Amino acid sequence: MNETPTIPELDIDPYAADNLTDPYPMHERMREAGPVVRLTPYPSLVACGRHAEVHAVFSDHATFISGAGVGLANFNTETPFRPKSLILEADPPLHTQTRTVLSRVLSPKAVMQIRAAFTEVAEQMVERLVDQSANGGTVCGIHDLAQIYPLKVFPDAVGVGPDARENLLVYGDMIFNSMGPRNALLARAAERMVPVTAWIMEHCKRENLRPGGFGDQIYQAADSGEITHEQAPLLVRSFLSAGVDTTVNGLGNVLFALAHNPGEYAKLHADATLARPAFEEALRWESPAQTFFRTAVRDCEIAGLPVPENTKVLCMLASANRDPRKWPDPDRYDIGRRPTGHVALGAGIHGCVGQAVARLEGEVVLTALAKRVKRIEPAGAHTRRLNNTLRALETLPLRLTPA
Ligand code: OVM
């Protein structure tokens, strides 16, 4: 007997429009087929849809590296569309060095210092929206809230000036599309990005960053010799890459969750201290970053199945977050759940370095809503913005009933 276990193959394209629009049936097929699957349209990769394997791959950063890219493209053979991120697309020891600086700048202590400003902007925004909605109008959860808020508070904290900040949305859309195949979504994003790249790099320069902001603090780390002055602008670029489109969709998706689960919103309205768990549960239930890849550095195994050296491993974060092996009643948005162990923000050494800021944004926006708004209801059909990596809404018409 010398049976080599084989990896099941599914004829699924995770980047087909149907699957991007409604990924959940695909996730179930992938999880049910096995702990690791192959996908016919992408013969060189393996995919994991269950929580245990996604978590195991993320936890073994020495075998499953990030330096060959965390998208579909393998940087060993394909040129990245931009210079590699010094943190996202890096492995130790470089990653350790850059991560130390970014985690200090984004630490819980730093978050305490921005908390008052973030709270005030959230309260003012909600006040405006309630007025707008009370005068018979509807509001768009995306354009009037989920985009407006992060575009104000986060670049303020980084120290970016007020002009043309919508460029950050275009840039985020491009980065997250670039982690998928070279399809029409990527082509459109790449076109829109051309004039934006120069703007981004210009705003990574020290002279264009407010002294004392997160961006300037990166340059202070260069002054002290912790990183080089050549590395500093690329690390600021990570703020501008990862800090906006992620939280825009985190906020958009929690508004969607609450509007479609009025009983859960009623609980939040009755007890605003549920703001943090309500946001956390939305990260699990409708994960903004649906997928990330790793690359196997050697012949290895996942769940006892052979994975050859240099294989791209597609980790289905959003699927892991609804794996019934891990979560009871996983398709239910339940703000009473404490979804510890969800992988919406990754896991292991690459786990979201900005997570304290992301959670602050979720908390203060939901707290302001809970206090001021009695009901949040859909006021028409929502539309989706398809992206190769992000679960994103384009529009979310809402009616807000004042408390
Ligand atoms: C970066 C970067 C870009 C996109 C996402 C991300 C989720 C990081 O440039 O470092 O983390």
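Refer to the preceding data block for the structure.
Computed from a predicted model, the values in this text were never measured in an experiment.

Student: Is there a simple way to explain the overall build of the protein in this structure?
Tutor: Across its full length, the protein carries 16 helices and 13 strands. Whereas a compact globule of 403 residues would reach a radius of gyration of roughly 22 Å, the protein reaches 21 Å, a difference of no more than 12%. Summarising its shape, the C-alpha atoms of the protein cover approximately 75 × 50 × 40 Å along the three principal directions. Counting only residues that meet the buried cut, the protein has 58% of its 403 residues in that class. For the protein, restricting intrachain contacts to residue pairs at least 6 apart in sequence, the fraction spanning at least 24 positions comes to 73%. With the model as given, the accessible surface of the protein reaches about 16300 Å², and the carbon-plus-sulfur share is 55%.

Student: Before we go on, may I ask you to explain the packing of aromatic side chains in this structure?
Tutor: The geometry of an aromatic ring pair is captured by two quantities: the separation of the ring centres and the angle between the planes. Within this structure, the stated rule accounts for seven aromatic pairs. Ring centres of W285 and Y333 lie 5.6 Å apart, and the angle between their planes is 50°; this geometry places the pair in the tilted category. On the criterion of sequence distance, the pair formed by W285 in helix 14 (residues 275-285) and Y333 in the loop between helix 15 (317-320) and helix 16 (355-372) is long-range, its members being 48 residues apart. Of the two residues examined, W285 and Y333, each falls in the buried class.

Student: How should I be thinking about the sheet that holds strand 10 (residues 373-378) in this particular structure?
Tutor: Within a sheet, adjacent strands bond to each other through the backbone by hydrogen bonds, running parallel or antiparallel. Ordered by their spatial adjacency, three strands build an open sheet running 5-13-10, and the pairing between neighbours is antiparallel. Looking at which strands have only one partner, the edges of the open sheet turn out to be strand 5 (139-140) and strand 10. Strand direction decides the pairing type here: strand 10 and strand 13 (residues 397-402), joined by five bridges, are antiparallel. Across the sheet, P378 pairs through a bridge with L398, a residue of strand 13.

Student: Sorry if this is basic, but what is going on with the site of the ligand here?
Tutor: In the region of the ligand, the neighbouring residues are R82, S85, I87, L88, I175, F176, S238, S241, A242 and F292. R82 places a side-chain nitrogen or oxygen 2.9 Å from an oxygen atom of the ligand. S238 is positioned such that a nitrogen or oxygen atom in its side chain is 2.6 Å from an oxygen atom of the ligand. If the ligand stood free it would expose 300 Å²; the protein chains cover 86% of that surface. Elements that contribute at least two residues to the shell around the ligand include exactly helix 8 (167-177) and helix 11 (231-242).

Student: How should the sheet that holds strand 1 (residues 9-10) be read in this particular structure?
Tutor: Reading across the sheet, the six strands line up as 1-2-3-9-6-4 and stay open at both edges, with mixed pairing between neighbours. The sheet is open, and its two edges are formed by strand 1 and strand 4 (64-65), each paired on a single side. Where strand 1 lies against strand 2 (residues 37-39), two bridges are found, and the strand directions are parallel. Paired with L10 across the strands is L39, a residue of strand 2. Here helix 3 (residues 51-59) sits on the sheet and contacts strand 3 (42-48), strand 4, strand 6 (291-296) and strand 9 (312-316); the angle it forms with strand 9, its principal contact strand, is near 130°.

Student: Explain the nonpolar core to me, please; I cannot follow it from the model alone.
Tutor: Nonpolar side chains in soluble globular proteins generally cluster together in the buried interior. Counting 116 residues, the largest nonpolar core has Y149, F214, I218 and L369 as its most contacted members. Take this core: its biggest share by element is 10 residues, from helix 5 (residues 108-134). Setting aside anything within four residues of it in sequence, one finds I218 in contact with V101, L102, V105, I227, A232, L235, V236 and F239.

Student: Would you take a moment to explain the pairing of strand 6 for this structure?
Tutor: The side chains of a regular strand alternate, residue by residue, between the two faces of the sheet. The buried fraction of strand 6 is high, at six of six residues. The side-chain alternation of strand 6 yields two buried faces, one formed by T291, F293 and T295 and the other by F292, R294 and A296. Sheet analysis places strand 4 next to strand 6, joined by two bridges and oriented antiparallel. Across the sheet, residue I65 finds its bridge partner in strand 6, namely T295.

Student: Help me understand the packing of helix 8 against helix 12 (residues 245-259), please; the structure alone is not making it clear to me.
Tutor: Two quantities define a packed helix pair, namely the angle between the helix axes and the distance between the axes. It is at 9 Å that the axes of helix 8 and helix 12 come closest, and there the two elements cross at 90°. Here helix 8 lies roughly perpendicular to helix 12, going by the angle between them. When helix 8 is examined against helix 12, the residues L169, G172, D173 and F176 are found in contact with a partner set consisting of D245, T246 and V248.

Student: It is not clear to me how the pattern of salt bridges should be interpreted in this structure. Could you clarify?
Tutor: Where charged atoms from two side chains of opposite charge come close, those side chains can pair. Following the criterion strictly, the structure yields 25 salt bridges and no others. Across the pair R276 and E363 runs a salt bridge, and its minimum N-O distance is 2.8 Å. In this pair, R276 is assigned in helix 14 and E363 in helix 16, connecting sequence segments 87 residues apart. The class for R276 is partly exposed, based on a relative accessible area of 38%. The class for E363 is buried, based on a relative accessible area of 14%. Where R322 meets D331, a salt bridge forms, and the shortest distance between an N and an O atom there is 3.2 Å.

So, how was this worked out
- Residues numbered from 1 in each chain as written.
- Predicted model: local features only at pLDDT ≥ 70, side-chain atom pairs only at ≥ 80, totals over all residues.
- Heavy atoms only, no water.
- Helix = DSSP H or I, 4+ residues; strand = E, 2+ residues; numbered from the N terminus.
- Rg over C-alpha atoms; globule rule 2.2 N^0.38 Å.
- Buried < 20%, exposed > 50% of the residue type's maximum accessible area, 1.4 Å probe, protein only.
- Contact = heavy atoms within 4.5 Å.
- Areas by Shrake-Rupley, 256 points an atom, 1.4 Å probe, with all protein chains shown as cover.
- Phe/Tyr/Trp six-rings, centres within 6.5 Å; stacked < 30°, edge-to-face > 60°.
- Pairing = 2+ DSSP bridges.
- Near = heavy atom within 4 Å.
- Polar contact = N/O pair within 3.5 Å; in protein donor to acceptor, adjacent residues only side chain to side chain.
- Axes fitted to C-alpha atoms, helices over the stretch in contact; angles between N-to-C directions.
- Core = buried A, V, L, I, M, F, W, Y, C linked by side-chain atoms within 4.5 Å.
- Parallel < 35°, antiparallel > 145°, perpendicular 65-115°, else oblique.
- Salt bridge = Lys/Arg side-chain N within 4 Å of Asp/Glu carboxyl O.

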